[in-house]
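Descriptive structure summary
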Protein chains: 2
Amino acid sequence: MINSRVAVAVHILVLIASKPHDDLASEYIASSVNTNPVVIRRILGMMRKAGLIRTVAGKAGAALTRPASAITFLDVFQAVEPDNSLFAVHENPNPQCPVGKGILAVLEEAFSSAQAALEAKLSAQTIQDTLDRLFPER
Amino acid sequence: MINSRVAVAVHILVLIASKPHDDLASEYIASSVNTNPVVIRRILGMMRKAGLIRTVAGKAGAALTRPASAITFLDVFQAVEPDNSLFAVHENPNPQCPVGKGILAVLEEAFSSAQAALEAKLSAQTIQDTLDRLFPER
DNA sequence: TTACGTTGTAATTATAATGGTTACAGGAGA
DNA sequence: TCTCCTGTAACCATTATAATTACAACGTAA
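Below: a short report on this structure. Given the structure is predicted, the values throughout are model-derived calculations rather than measurements.

**As for the relation of the copies chain A and chain B**
When chain A is fitted to chain B, the residual RMSD is 0.4 Å, and the transformation amounts to a turn of 180° plus an axial shift of 0.0 Å. Both copies are brought into coincidence by an operation consistent with a two-fold rotation axis. Every residue of chain A has its C-alpha some distance from the rotation axis, and the shortest such distance is that of A:Leu118, at 2.4 Å. Interface overlap between copies is the fraction of interface residues in one copy that are interface residues in the other; for chain A against chain B it reaches 100%, indicating a shared surface.

Written out as structure tokens, the structure reads:
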């Protein structure tokens, strides 16, 4: 199972996008997510490095670097998930065995096409979509 | 990252389907995969419980319960991956917060549509396809 | 029947990822 | 200055994974 950082990161971005004021401290975000402020700051750091948000050290508040409609779940996924392969494969299958010799290449091709399908769906979901579903009345 | 059991399980099924020997012992499979025989027997057990293969205690060899063209990567994935949710979500977001209150429902919907896309691709790949790519000359 | 090889499975260990926590240096702003 | 905040290192507990040892139960050949 993929870790909950993706879910938490989306939660954070939705909070940032839905708050007009700039006083969104990690402590407040943590109380909404129900975790520790350091966990939040860690994920904020990953998203900052990925260029999704801007923060100022010492100053509460984070801002999106682009419209919520231009931040996709795939952007978030890649920001908080360092692995670029979704499926692990076993190391060093036996090259003396005809199956062992070629299996990894075939597996990697199959897995990457499946991963591409997942990523296509993730890139079709934006933070703005999430906001709209959360608050349809607005 | 998803564990390597899926990759190993496909490797095993391809070995069975390609029948290099009549009596495919876990020891032999392990030498092709490059791991321990118990790891192989554990995965064989999961696939047996999922109805993909048949084995006899005490007797070397495993057999597919249906044609290799009727066993998909999704069947394998579900056999060796007990979680039915691909993405984890954080537990107990704050219901007092408007975002915390509704975020999980929205996230789960988004994640499950992405997972469905992945599974659709996985179900379009069979063990026979893998065999054909591995040995195109046959 | 016995002997031997094999499966099925429990138990143990090592390693790594994850998430929670404490601690603290340093920035921002009143 | 004083206070709140961020960024980050360090540490811990929990869990998943994979490797490994051990052994009871089973199948087959003799």
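**Topic: the packing of aromatic side chains**
Under the defined criterion, the tally for this structure stands at 6 aromatic pairs over all chains. Summarising the aromatic geometry, the rings of A:Phe87 and B:Phe77 are spaced 6.2 Å apart at their centres and angled 70° between planes, so their arrangement reads as edge-to-face. With one member in each of two chains, A:Phe87 in the loop between α4 (73–80) and α5 (98–122) and B:Phe77 in helix α4 (residues 73–80) form a pair that bridges those chains. Each member of the pair, A:Phe87 as well as B:Phe77, carries the same accessibility label: buried. Pairing B:Phe87 with B:Phe111 gives two aromatic rings, centres 4.3 Å apart and planes at 15°, and the pair type is stacked.

**With respect to the interface of chain A and chain B**
Across the boundary between the two partners, chain A contributes 53 residues, which contact 53 residues of chain B. The contact between chain A and chain B buries some 4,400 Å² in all, and 72% of this surface belongs to carbon and sulfur atoms. Of all residues in chain A, the largest losses of buried area upon contact with chain B belong to A:Met1, A:His90 and A:Val99, amounting jointly to 14% of the total for that side. Inspection of the region where chain A meets chain B yields 2 salt bridges. The partner of B:Glu109 in a salt bridge is A:Arg133, with the nearest N and O atoms 2.8 Å apart. Scanning the region where chain A abuts chain B turns up 14 residue pairs in polar contact (both at pLDDT 80 or more). Among the elements of the structure, α1 (5–18), α2 (26–33), α4, α5 and α6 (127–134) of chain A are those that each provide at least two residues to the side of chain A that touches chain B. A total of 17 residues in the side of chain A that touches chain B trace back to one element, the largest contributor, which is α5(A). Its residues assigned to classes, the side of chain A that touches chain B comprises 31 nonpolar, 17 polar and 5 charged.

**Overview of the protein's contact with DNA strand D**
The environment of DNA strand D is formed by 25 residues, the closest being A:Ser26, A:Arg41, A:Thr55, B:Ser4 and B:Thr35. Counted by atom, the contact set of DNA strand D within 4 Å of the protein is 63% sugar and phosphate. One of the side-chain nitrogen or oxygen atoms of A:Ser26 is found 2.8 Å away from a phosphate oxygen of DNA strand D. Here a sugar or linking oxygen of DNA strand D sits 2.9 Å away from a polar atom, N or O, in the main chain of A:Gly58. Within the residue set of the surface near DNA strand D, elements represented by two or more residues are α3 (37–49), β1 (53–56) and β2 (59–64) of chain A together with α3 (37–49) of chain B. Residues that form the surface near DNA strand D fall into these classes: 9 nonpolar, 8 polar and 8 charged.

**Some points on the nonpolar core**
If you look at the biggest cluster of nonpolar residues, it comprises 96 residues, and the most contacted ones within it are A:Met47 and B:Met47. For A:Met47, the contacting residues outside a window of four places in its chain are A:Ala9, A:Ile12, A:Leu13, A:Leu52, A:Ile53, A:Ala79 and A:Val80.

**Here's the deal with the protein's contact with DNA strand C**
Close to DNA strand C lie 25 residues, the nearest being A:Ser4, A:Thr35, B:Ser26, B:Arg41 and B:Thr55. Take B:Gly58: an N or O atom from its main chain is 2.9 Å from a sugar or linking oxygen of DNA strand C. Here the surface near DNA strand C is built from residues that sort into 9 nonpolar, 8 polar and 8 charged.

**Examining the side chain of A:His90**
By the secondary structure assignment, A:His90 is in the loop between α4 and α5. Taking the relative accessible area as the measure of exposure, A:His90 reaches 6% and is therefore buried. Engagement of the side chain of A:His90 in a polar contact is seen with the side chain of B:His11, the distance being 2.9 Å. With near-sequence residues (within four places) excluded, A:His90 lies in contact with A:Ile103, A:Leu104, A:Leu107, B:Ser4, B:Ala7, B:Val8, B:His11 and B:Val33.

Parameters and conventions
Think of each chain on its own: its residues are numbered from 1, step by step along the sequence as written. Numbering of ligands from 1 and lettering of chains from A proceed in the order in which they are written. Totals for whole chains, interfaces and linings use all residues, but because this is a predicted model, local features are given only for residues with pLDDT of at least 70 and pairs of side-chain atoms are given and counted only at 80 or more. Here the side-chain values reflect all heavy atoms present in the structure, with hydrogen atoms and water set aside. Least-squares superposition of the copies uses the C-alpha atoms of those residues scoring a pLDDT of at least 70 in each of them. Every residue pair with non-hydrogen atoms within 4.5 Å of one another is taken to be in contact. Stacked, edge-to-face and tilted are the three classes for Phe, Tyr and Trp ring pairs, Trp counted by its six-membered ring, which pair at centre distances within 6.5 Å; planes under 30 degrees apart are stacked, over 60 edge-to-face, the rest tilted. Secondary structure elements are defined from DSSP: runs of H or I of at least 4 residues count as helices, runs of E of at least 2 residues count as strands, and each element is numbered from the N terminus. For every residue, the accessible area (1.4 Å probe, protein chains only) is compared with the maximum for its type, and the residue is labelled buried under 20%, exposed over 50%, or partly exposed between those bounds. Buried area adds together the accessible area that both of two parts lose upon being put together, with accessible area traced by a 1.4 Å probe. In what follows, salt bridge is the name for a side-chain nitrogen of Lys or Arg lying within 4 Å of a carboxyl oxygen of Asp or Glu. Any pair of N or O atoms that falls within 3.5 Å is considered a polar contact. Within protein, one atom must be able to donate a hydrogen and the other to accept it, and sequence-neighbouring residues count only if both atoms are side-chain atoms. Gly is put with the polar residues, along with every residue not named as nonpolar or charged; the nonpolar set is Ala, Val, Leu, Ile, Met, Phe, Trp, Tyr, Cys and Pro, and the charged set is Asp, Glu, Lys and Arg. By convention in these notes, a residue is near a molecule or strand provided one of its non-hydrogen atoms lies within 4 Å of it. Buried residues of nine kinds, namely Ala, Val, Leu, Ile, Met, Phe, Trp, Tyr and Cys, make up a nonpolar core once their side-chain atoms join them within 4.5 Å.

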